[in-house]
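# A closer look at the structure
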Amino acid sequence: MADVKRIFEENTWAARARRTVTSVLPVDKGRKGRCRRCGACCKLPVECTFLAVDEDGLCSCKIWRLRPLNCRKYPRSCDEHLTREICGYYFEKTAKTAK
Ligand code: SF4
């Protein structure tokens, strides 16, 4: 069971598929912070063809208005937050996640 859990918490296509399915769910209320436009989540598991980088190194999406739900909501939950070392978002414990 631990191996299955790890597959979804690492940068794999399985984890990407999981985020796509769970993207219909609401964003965890414990999420704080904001996007720093680092683009790290646009490389999960491979670099997106719609990723653009400006002269200052800030990332943007070439299809921003049409981007899929899993991009709009990333990181949706703490256990789906694969870029936590660099991301501007973080999760505080809520009554739900503290259990
Ligand atoms: S990893 Fe976090 S800070 Fe970086 S682009 Fe994605 S949401 Fe924004």
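Data block above holds the structure.
Residues numbered from 1 in each chain as written. Predicted model: local features only at pLDDT ≥ 70, side-chain atom pairs only at ≥ 80, totals over all residues.

## Observations regarding the overall build of the protein chain
What counts, and what does not: Strands are runs of DSSP state E lasting at least two residues, helices are runs of H or I lasting at least four, and both sets are numbered from the N terminus onward. Two things to know: the radius of gyration comes from C-alpha atoms, and the globule rule equals 2.2 Å times the number of residues to the power 0.38. Here exposure depends only on C-beta density: within 10 Å of a residue's C-beta, 20 or more other C-beta atoms make it buried, 12 or fewer make it exposed, and intermediate numbers make it partly exposed, the C-beta atoms being placed from the backbone. Here contacts are defined at the residue level, using C-beta atoms placed from the backbone and a cut-off of 7 Å between them.
Of regular secondary structure, the protein chain possesses 3 helices and 4 strands. Order of helices (α) and strands (β) in the protein chain, N terminus to C terminus: α-α-β-β-β-α-β. Relative to the compact-globule value of 13 Å for 99 residues, the protein chain shows a C-alpha radius of gyration of 14 Å, a close match. On the principal axes, the C-alpha backbone points of the protein chain span a range of 45 × 25 × 25 Å. A total of 99 residues make up the protein chain; the buried ones form 11% of that total. Summarising the internal contacts of the protein chain: among those between residues at least 6 apart in sequence, 60% fall at separations of at least 24.

## Digging into the environment of lysine 43
Relative to the assigned elements, lysine 43 resides in the loop between strand E1 (31-33) and strand E2 (51-53). Residues lysine 43 and asparagine 11, spaced 32 residues apart in sequence, show a C-alpha to C-alpha distance of 9.2 Å.

## A few points about unusual backbone geometry
Residue proline 45 is reached from leucine 44 by a cis peptide bond, and omega for that bond is -5°. Tracing the sequence through the fold places proline 45 in the loop between E1 and E2. In this chain, tyrosine 74 is followed by proline 75 through a cis amide linkage whose omega measures -10°. Note that proline 75 resides in the loop between helix H3 (69-73) and strand E4 (89-91). The backbone phi angle of arginine 37 is positive, close to 60°, even though this residue is not glycine. Residue position: arginine 37 is located in the loop between E1 and E2.

## Quick word on the environment of leucine 69
Relative to the assigned elements, leucine 69 resides in helix H3. Expressed as a C-alpha distance, the spacing of leucine 69 and threonine 22, which sit 47 residues apart in the sequence, is 9.3 Å. Setting aside its immediate chain neighbours within four residues, leucine 69 contacts Ser23 and Val24.

## Section: the environment of alanine 17
The residue alanine 17 is located in helix H2 (residues 13-22) in this model. On a C-alpha basis, the gap between alanine 17 and leucine 66 in space is 19 Å, while along the polypeptide they are 49 residues apart.

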